[in-house]
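# Geometric and topological summary
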Amino acid sequence: MKPSEFPPPFSADEFVAAPGEPEIEVGVLIVGAGPAGLACAIRLGQLLEGEPELAERLGDVPVAVLEKGKQPGSHLLSGAVVNPRSLRTLFEGRVRTSEMPFFGRVEHESVYFLTPGRAMRIPTPPTMRNHGNFVASLSQLGRWLGERAEEAGATILPETAATTLLVSDARVRGVRTGDRGRARSGKELGNFEPGSDVHARVTVLAEGTQGHLTGVALERFGLAGENPQVWALGVKEVWRVQKPLDRVIHTMGWPLRAGAKYREFGGSFIYPMGPDTVTLGMVVGLDYRDVELSVHDLLQELKTHPQLRGILEGGERIAWGAKTIPEGGLLSVPRRLHAPGLLICGDGAGLVNVPALKGIHYAVESGRLAAETAFSALQRGESPWRRGALAGYDDALRGSWVWEELRRVRNMRQAFGRGFWLGSALAGAMTASRGAFPPGNARTEPDADQELIRAGAASSYPASDGTLTFDKLSSVFLSGNKTRDDAPNHIRVRTDVPADVAELWEHLCPAQVYEAVKGGVEVTASNCVQCGAITAKGGRLTPPEGGSGPEYTLT
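In this report, we go over the structure that sits alongside the text. (Residues numbered from 1 in each chain as written. Predicted model: local features only at pLDDT ≥ 70, side-chain atom pairs only at ≥ 80, totals over all residues. Heavy atoms only, no water.)

What the seven strands build is an open sheet, ordered β7-β6-β16-β17-β18-β15-β19; its pairing is mixed. Either end of the sheet is taken by a strand with one partner, and the two such strands are β7 (119–122) and β19 (316–326). Neighbouring strand axes in the sheet, compared pairwise and without regard to direction, differ in orientation by 20° on average. Pairing between strand β17 (residues 266–272) and strand β18 (residues 277–285): seven bridges, direction antiparallel. Paired with Ile270 across the bridge in β18 is Leu280. Each of β6 (109–114), β15 (231–240), β16 (248–253), β17, β18 and β19 touches helix α6 (residues 295–302); the most contacted strand, β18, lies at about 130° to it. (Pairing = 2+ DSSP bridges. Helix = DSSP H or I, 4+ residues; strand = E, 2+ residues; numbered from the N terminus. Axes fitted to C-alpha atoms, helices over the stretch in contact; angles between N-to-C directions. Contact = heavy atoms within 4.5 Å.)

The following block contains the structure:
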């Protein structure tokens, strides 16, 4: 049985519409206030600063950023160890690295292979070396970038979900935002606010992982490549601890199983966030097969290891969150990242280096390049709606260091579909040959196409003790989830599914949204932290009401 055999009630055509009368008109519209979208807004501000005539032609709002969360950063979560290269390029001569919201430079690092009772230190793989990078909270970095974008002249519209792509004559004209203040039934409440048509000369989709309109655009304009995207799910906690941690730590092995039949690929990270705080997380590829596997519970199990206990002993958990990560690499990047009037960047484009555990600096670089392409297409005598007018973005990205780095590791994630040990051996050969081995390109398989098995993963999960280990509902509370209990359901899934699929979704979800019941599954959409895992495993996440979802501050 495969989850893909029970597709959700969803059609991309439902989220494409002809533009109506513009209620808001902007020059460049950016969907998503993450690192890619905000870098795009900042770079546009820098460029327009030198061309006031163009800024005036673009109207009262030359650059606007739509953000579905309460504010920039509200929905951002990552490890995160940041390579500052693209941020330095973006702010060259304007902001020093020391002024960026980092917790400190990575001076020491360790990689361990875990068994249930031991931690064996192994040489750090070349792809995972972080010396000279910086530890950060992506949520905090997002808020800081939002401030810089506003200083550069961008208008940020928070609590605004982009639900529909406005298209006419095969050209993107902007987006329609979602209604606010509807009941679960769809009835208008007393505080009802209808959505608006936002028209733009260029629309930049920087929605991050599992972007709703990104998926719609890929289908509408035939942009998808030969290989489907695949994802991992990361669940993260932030702890206030008694003893400072002096290094970044990564682990492989336990509690994941190495056998090829399980397809369990992933590991953990533990990073210092100043002298009294650490962040730790578990990341697992969503091509796993055991219906009982739960990344949230694997993280709880990981914390019972002596290595982790020693770090967390006497500490207090102060934040929690979850997010998917695109893992297909270069081979799953869409064949085109533009259409007339449209650009796609960041995680939505799949720009993540899985072996290096890095994507933030790629998002920033792609946002910068998108801004420069849009700026060129807005010059007198040019039109961003002309076919090929935005093709320079693809050319710039393919000629950049981002593309070269992704090319070298293009087959690494796919190799681990053969199991941990063989995958590790192949990854070593790929690293040594700088991507020359194997000479061809591997293939990816959709996460929802994996045959399900029952292999007893849940038997080892520890009970919640409220001190070291925690259940899902208390974790959702810690995320600051703002979703109304009576808000419309934004999750599309079949509810009449077999027990294996229902239990898969129940264990999969870190926020306890799904409950397996007789005859199918029940959905509690108000618990959702919008991680996107359900979209990878047989359902479809659509935008909820603007302002709902988590309120991350430290993740």
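Counting residues in hydrophobic clusters, the biggest one holds 88 residues, and the most contacted among them are Ile30, Phe91, Val175, Val204 and Phe221. Excluding residues that lie within four positions of it along the chain, Val204 makes contacts with Val28, Leu29, Ile30, Val31, Cys40, Leu343, Cys345 and Ala370. Listed in part, the 59 residues of the second largest apolar core include Phe6, Leu280, Ala322 and Val497. (Core = buried A, V, L, I, M, F, W, Y, C linked by side-chain atoms within 4.5 Å. Buried < 20%, exposed > 50% of the residue type's maximum accessible area, 1.4 Å probe, protein only.)

Right, let's talk about the sheet that holds strand β8 (residues 134–135) for a bit. In space, the three strands of this open sheet follow the order β4-β8-β5, with antiparallel pairing throughout. Lying at the two open borders of the sheet, with one neighbouring strand each, are β4 (81–82) and β5 (104–105). With two bridges connecting them, β5 and β8 associate as antiparallel partners. What sits directly across from Arg105, in β8, is Phe134.

A word on the side chain of Glu365. Relative to the helices and strands, Glu365 resides in helix α8 (residues 360–377). Glu365 gets classed as buried once you look at its relative accessible area, which sits at 5%. In contact with Glu365, other than residues within four places in its own chain, are Ser86, Trp401 and Val402.

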